[in-house]
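Structural overview for review
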Amino acid sequence: MPSSLPPFRRRKKFQCFLAYAILPAFLCAPPLAFAQAHTTIRFDASQPYSAPGPALYSEGSATSPLGSTLGVNSRYLTLDGKPWLPVMGEFHFSRYPRAEWEEELLKMKAAGVNIVSTYVIWIHHEEIKGQFDWTGQRDLRAFAELCAKHGLYLLPRIGPWDHAEVRNGGLPDWMIQQSPTRVNNPIYLASVRAWYGQIGEQLKGLLFKDGGPVLGIQLENEYSKRGPGAGQAHILELKKIAIASGLDVPLYVVTGWDDAVVPRGAVIPVYGGYPAAPWTRTTGPLPPQEVYAFRFASRVAANEDISASPSMNYHAGDSLPFLTAELGGGNEVTYHRRPVIAARDVAAMVPVMLGSGVNLYGTYMFQGGENPDGKLSTLEESQATGYPNDVPIKSYDFQAPLGEFGQERKSFRQLKVFNYFLNDFGGALAPMTVHPPQLVPHHANDLFTPRAAVRSRGTSGFIFFNNYVRGYAMPERRSTQFAIRLPGNASNTSSELLVPRHPIDLPAGSFFIWPFNLRLGSATLRYSTAQLFTQIENGGRTTVYFEALPGIAPQFAFGADGVRSVEAPGAATVRDGGVLYVSGLQPGMERYIRVVPRKGPPLRIVVLTAREAEHAWKVRIDGRDHLLITPQEIVPNSEAGTVRLLAEGSPEFRFTLLPPATGPLAANLKLRETTKTAEMASYTAEAQPRTVSLTYQLVHPAGVAPPVQFGPAAHGSQGVAEAPPAGPLPNAGQWTISIPRGSLAGVSNLYLTIDYQGDIARLTANQRLLDDNFYNGKPWTIGLKRFLHPDGSGRFRLSILPLRRDAPVYFELSQPAKFARNGQAVGVSSIRLVPEYSLNLGAAEAPDQIHLKQSNAQILRGIRLSSDSQAASR
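This one's a predicted model, so the numbers in the text were calculated from it and none came from an experiment.

Next up on the list: the packing of aromatic side chains. Going through the model one piece at a time under the given rule, you end up with 40 aromatic pairs. Pairing Y335 with F774 gives two aromatic rings, centres 5.5 Å apart and planes at 75°, and the pair type is edge-to-face. With Y335 in the loop between β11 (323-328) and β12 (337-338) and F774 in strand β43 (residues 768-774), this residue pair connects regions lying 439 residues apart in the sequence. With 6.2 Å between their ring centres and 80° between their planes, F405 and F787 make a pair best called edge-to-face. With a gap of 382 residues between them, F405 in the loop between β15 (395-396) and α10 (410-429) and F787 in the loop between β44 (780-783) and β45 (794-801) connect regions that are remote in the sequence. Accessibility classification places F405 together with F787 in one group, the buried group. An aromatic cluster is built from Y119, Y274, W279, Y364, Y396 and F398, whose rings are joined through pairwise contacts.

The geometry of helix α6 (residues 186-202) relative to helix α7 (residues 231-244) is characterised by a closest axis approach of 9 Å and an angle of 40° between their N-to-C directions. The angle between α6 and α7 falls in the class oblique. Every pair of crossing elements has a handedness; the one defined by α6 and α7 is right-handed. Contacts between α6 and α7 involve Y188, L189, V192, R193 and Y196 from the former and H234, E237, L238, I241 and A242 from the latter. Looking at the contact of α6 with α7 residue by residue, the class counts come to seven nonpolar, one polar and two charged.

The strand order across the open sheet formed by eight strands is β16-β17-β18-β21-β22-β25-β28-β27, and the pairing between neighbours is antiparallel. Only two strands of the sheet have a single neighbouring strand rather than two, namely β16 (433-435) and β27 (572-576). Strand-to-strand twist of the sheet, defined as the mean angle between neighbouring strand axes without regard to direction, takes the value 20°. Sheet topology note: the strand β22 (residues 523-528)/strand β25 (residues 556-559) ladder contains three bridges and is antiparallel. Looking at β25, one finds that S528 is bridged to F556.

Tracing the backbone through its elements, the reader meets G488 in the loop between β19 (477-487) and β20 (494-506). Residue G488 is classed as partly exposed on the basis of its relative accessible area of 35%. Along the backbone, G488 and P48 are 440 residues apart, and their C-alpha atoms lie at a distance of 9.5 Å.

Looking now at the pattern of salt bridges. Working definition: two side chains of opposite charge can pair if their charged atoms are close together. The final tally for this structure, using the stated rule, is 36 salt bridges. The residue R42 makes a salt bridge to E496 at a minimum N-O spacing of 3.1 Å. Residue R42 is located in strand β1 (residues 39-44), and its partner E496 is located in strand β20; the two are separated by 454 residues in the primary sequence. With a relative accessible area of 36%, R42 lands in the partly exposed category. Residues D791 and R741 are paired through a salt bridge, measuring 3.3 Å at the closest nitrogen-oxygen approach. One end of the pair, D791, is in the loop between β44 and β45; the other, R741, is in the loop between β40 (733-739) and β41 (749-757), with 50 residues separating them in the sequence. Relative accessible area serves as the criterion here: at 27%, D791 is assigned to the partly exposed category.

Further remarks concern unusual backbone geometry. Residue Y364 is joined to M365 through a cis peptide bond whose omega torsion reads -20°. Topologically, M365 is positioned in strand β13 (residues 361-367). The omega angle of the peptide bond from V499 to P500 is -5°, so this bond is cis rather than trans. With respect to the helices and strands, the residue P500 is situated in strand β20. Of note, N168 is a non-glycine position whose phi angle comes to about 55°, a positive value. With respect to the helices and strands, N168 occurs in the loop between β7 (153-157) and α5 (173-178). Judged by relative accessible area, which is 3%, N168 ranks as buried. A positive phi angle is found at R182, which is not glycine, with a value near 65°. Secondary-structure assignment places R182 in the loop between α5 and α6.

Thresholds applied
Residues numbered from 1 in each chain as written. Predicted model: local features only at pLDDT ≥ 70, side-chain atom pairs only at ≥ 80, totals over all residues. Heavy atoms only, no water. Phe/Tyr/Trp six-rings, centres within 6.5 Å; stacked < 30°, edge-to-face > 60°. Helix = DSSP H or I, 4+ residues; strand = E, 2+ residues; numbered from the N terminus. Buried < 20%, exposed > 50% of the residue type's maximum accessible area, 1.4 Å probe, protein only. Axes fitted to C-alpha atoms, helices over the stretch in contact; angles between N-to-C directions. Parallel < 35°, antiparallel > 145°, perpendicular 65-115°, else oblique. Left-handed = near helix turned anticlockwise from the far one by under 90°. Contact = heavy atoms within 4.5 Å. Nonpolar A, V, L, I, M, F, W, Y, C, P; charged D, E, K, R; others polar. Pairing = 2+ DSSP bridges. Salt bridge = Lys/Arg side-chain N within 4 Å of Asp/Glu carboxyl O.

The following block contains the structure:
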């Protein structure tokens, strides 16, 4: 029992929808009841641009040996003196097998992540006092070096207390038994010095000032304790210890929610928000989550009155940039609440947060994982250890964009669209100021008032719009137009820009970012009604890609004074009042707009369908940048100039490269070129199909599950439904699963997919728990490669505890559970193996290039051998 209990996790306030049934009626209510007539959403962005001032913050060493600099002002970060709006994704290295780190980091980089954030979880490294473990998947240094290898920055979150749904919030048992924690207690601080000292040694030589990837650290987490030895004095003491431990970095951050303690000038607060609230004590539907409403008055939550709680700190006009670390890439389920997170639940948050002024978009989690085996206990958060919730013992999948076993989910692709936008245009967005609309929703429950924001600098900027709220029907916004009052020129005081030219309908569930007065080369894009996506420079030519939004026809408007001509085959082009309008363009990778400016080279605009944009990835092959479009999962390695495609279930691959490679492609499978033009080349390939049979057998029928117990009260709240403890489940149904030798031949992985009903399921081998799952109506998928014998064989035991009809648990089931007469539901519909095939791509090399590489390799090998001999002689 902790002597210093952490605050109840209020950071993620949200709604869910149903308990124990199919989706309730209010979720499926037709939005036509809310349909509106003409809607003009007005903004006043006519004020003169206000340049950012100095930040109220003293950063650590922020210059690398090569002269690279990291800066911070009152509005945004800078990299080498230029505005920088980075994308950050959370990946807990100690919750993932070391052998698989690199592939997952490459996936994150492929999705536009620039910074990897990671908890360094104390109990994972010093479960037994004085016995530090930095080996295997606990090797922080090796993880940091991999980030450096692939050009990713790293932000370790070093606690001492993390939360992270881990046992004791990450504090070792011996620590909480030894003294009060999370205060300036001499015994506690002595242990913290040893802990931080170990981290300092792990990261020695890898800090930003050394030319390494570590650009910042987070101190503590969700810290709101006040009193003697607590509050600001404690955070300042932790920073002092970190610096003394060698952790001299540009950015020191703390979380800014939960009535947080934030010493001004010493640290920068980071914020967050989640699509669901599985920590909530109730088991019924919740109101709309605030993360889908713009945060104009507070950085903690939408439209909250911060005057009632000054410690909510740093409203939008303060002297520090609006940075985030925990915008939910999903949610971890709890035993008593089991939300199912859809891709749009995650992606719809992005325009809202960016439109609120966010200048670092941090996703938690971006990569799921699983708890390592403990030496003394299991390592999950639980009510038994005095915490508010029970979570799975092993699984920390989090329904993240990259799952517990590296599965690429739809949210991975949808987030990528926005991440690429930030990678390519974030430098322009970062300095822009926020403008709320004339009419702002009163609160997160207001589903009628349109939700929008503008960020601008001078006359250029972006429109941010969201008409999506998880679990609630939103109205179609009929005949809608954005009216933006912009600064004028010498002849007039202001001007009004209407976007689009004529009102259009904005569908229920839509969300987007539209540019206005955006410079594309020397041309000016007055506006577009398509999502700005990315751009590719190849062979001296620039192609700008947009995404066509479902239900919204793409329109483009160009300032005619800066354009010689606009060519758009199959579309209508109209000149009116000094503006060239393009409409009727059919989206697709083969269609384009060619813009010839009055100065500078021409550029191409391609409007991809939403599906094409989600399937499009930046890759580097033949020394040039390309866009590769494929429905398969992807692992590009830009440093090596290679791409790996992964196909689950089917051995067939297909992809399109825009523009085509300058020479032939090399692959481990036979490539068939199906289309070749000057703008693109399409290919197919097929691996040798593999059918791997498994056998499974019911060996112990399920008994009657006992009534669900409630956990003890925690944090001033009543206990909630308590998960069964670790160990055997006596009343569970038991199945054996056998996989034959050679199962991995010809495949890169095997996924075990279990379609079942029950309360909880656990997979074990030789009495060791491998993974577990709280039933939520979805099939349970397990990547087997890490669990199989080297010969590909495996024997597992599946245990499923029956689900009771009277269980006090909140579900979001698409279909109701099927209960037997005894009021219990348990059973297996199917267990199957899904093979994963791989296709490795790269540029084919000419024989003289291969010979040159071999010669260089021999020379380097001789130099290395000579150096080794000299070292040995010394």
